[in-house]
Amino acid sequence: MSGSTSGITSNLIKVSVSEAIDTLGDDDFVNVAMFNDNTTFLDPKLTTFVQANLRNKQHLKKQLKEYMENNATEEMANYTRALEFAFISLDKLMDEATTSDNGKGADCNSVILMFTDGGPDSGEEIIKKYNDQKRTRIFVYNVGPNAMVSSDGVKEMACLTNGYFSNIPSIGAVRLTTLDYIPVLSRPLVLAGNRTYQWSNIYLDALGLGMMTTLTLPAFNKTKLPDGSANQQLLGVVGTDVTIKGMENLVPKARPVFNSSYRCIGPEGYAFGINSNGYILIHPRLKGQVSDFCLSHEISFQKKNVLKSNTMIEGCSH
């Protein structure tokens, strides 16, 4: 944070970053860096990107809140160092995704979300050095009711990378404005016509239907524009809820059922299901609980606390 970031602007940045973190899902990898004259990751223990699951997002938001409440600076923001730090970190992640089997990253969209109160530096030289192929898009959010410095530079930063520039002048604009990056990232999917089903993690239904998951599919605008070019608009997402009990009713039974086409899997056998991120969907010993972690295996309370403390951040060695 620069010396000009204080008061209501500082609070708006904190809320905006938290909202942006909440827009991410289990298929995303994320980290948060703070920058003024120097740039460092928010949590010094996290020197790489972590999966944007519930626990990691809660941890990052907690760290963000503590940092914003306990740190202040009079230093000016150095956008050149911040961009260089971000590009090097992203390049490292993308290289790991293509050359190793550790499961980090998908070699897909590479994005920098920058929350600032403005700045005259466009970082053009750094962008040409590390992002000449425009592999990474920069989305700049100019935060605060009355910016004390010009935003022309950071606006150009977004334009140079085919990103997007947005203003967040008040708390009421946070929720919708932080979503501005999604339509831009969806354009290649719309043009390619790629529609992929997505299953959510399981959760406890608020209406009492038990544990369930949601199946979603994007809806694209396929009409032609007046000039004859293809539309690039994501209209929305359609979905349906599927209860875990309904899934369990479709799996093979332990014993053959009269007049049933189900095959028996044996008296000691059982069926289980996991999603693409390794989370358990169906298992005889899996019970739903209303807790910070949503789900928990039936293991001893002492062992459970040890697991939670030792594996708080997946993908990070301690």
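Residues numbered from 1 in each chain as written. Predicted model: local features only at pLDDT ≥ 70, side-chain atom pairs only at ≥ 80, totals over all residues. Heavy atoms only, no water.

Turning our eyes to something else, we now look at unusual backbone geometry. Excluding glycine, residues mostly have negative phi values, and the peptide bonds linking residues are mostly trans. Even without being a glycine, Lys134 presents a positive backbone phi close to 55°. Following the sequence through the fold, Lys134 ends up in the loop between helix 4 (124-130) and strand 6 (136-143). Classification of Lys134 as partly exposed rests on a relative accessible area of 41%. Its identity as a non-glycine residue notwithstanding, Asn162 has a phi of 55°, on the positive side. (Helix = DSSP H or I, 4+ residues; strand = E, 2+ residues; numbered from the N terminus. Buried < 20%, exposed > 50% of the residue type's maximum accessible area, 1.4 Å probe, protein only.)

Reading across from one edge, 5-6-7 is the order of the three strands in this open sheet, with parallel pairing throughout. Pairing within the sheet leaves two strands with one partner each, and these edge strands are strand 5 (110-116) and strand 7 (164-168). Averaged over all pairs of adjacent strands, the angle between strand axes in this sheet comes to 20°, irrespective of strand direction. Alignment of strand 6 against strand 7, held across five bridges, turns out to be parallel. Looking at strand 7, one finds that Phe139 is bridged to Tyr164. Against the sheet, helix 1 (residues 7-22) contacts strand 5, strand 6 and strand 7, and its axis sits at roughly 160° relative to strand 5. Helix 5 (residues 152-160) contacts strand 5, strand 6 and strand 7 of the sheet and is inclined by roughly 155° relative to strand 6. (Pairing = 2+ DSSP bridges. Axes fitted to C-alpha atoms, helices over the stretch in contact; angles between N-to-C directions. Contact = heavy atoms within 4.5 Å.)

For the structure on display, the rule yields six aromatic pairs. Measuring from centroid to centroid gives 6.2 Å for Phe87 and Tyr130, while their planes differ by 15°, and the two rings are stacked. One end of the pair, Phe87, is in helix 3 (residues 79-99); the other, Tyr130, is in helix 4, with 43 residues separating them in the sequence. For the pair Phe115 and Tyr141, a centre-to-centre distance of 4.7 Å together with 10° between the ring planes defines the contact as stacked. One end of the pair, Phe115, is in strand 5; the other, Tyr141, is in strand 6, with 26 residues separating them in the sequence. Of the residues examined, Phe115 reaches a relative accessible area of 13% and is grouped as buried. The buried category is assigned to Tyr141, whose relative accessible area is 1%. Following the ring pairs from residue to residue traces out a cluster consisting of Phe41, Phe49 and Phe85. (Phe/Tyr/Trp six-rings, centres within 6.5 Å; stacked < 30°, edge-to-face > 60°.)

No statement about biological role is implied by the geometric values presented.
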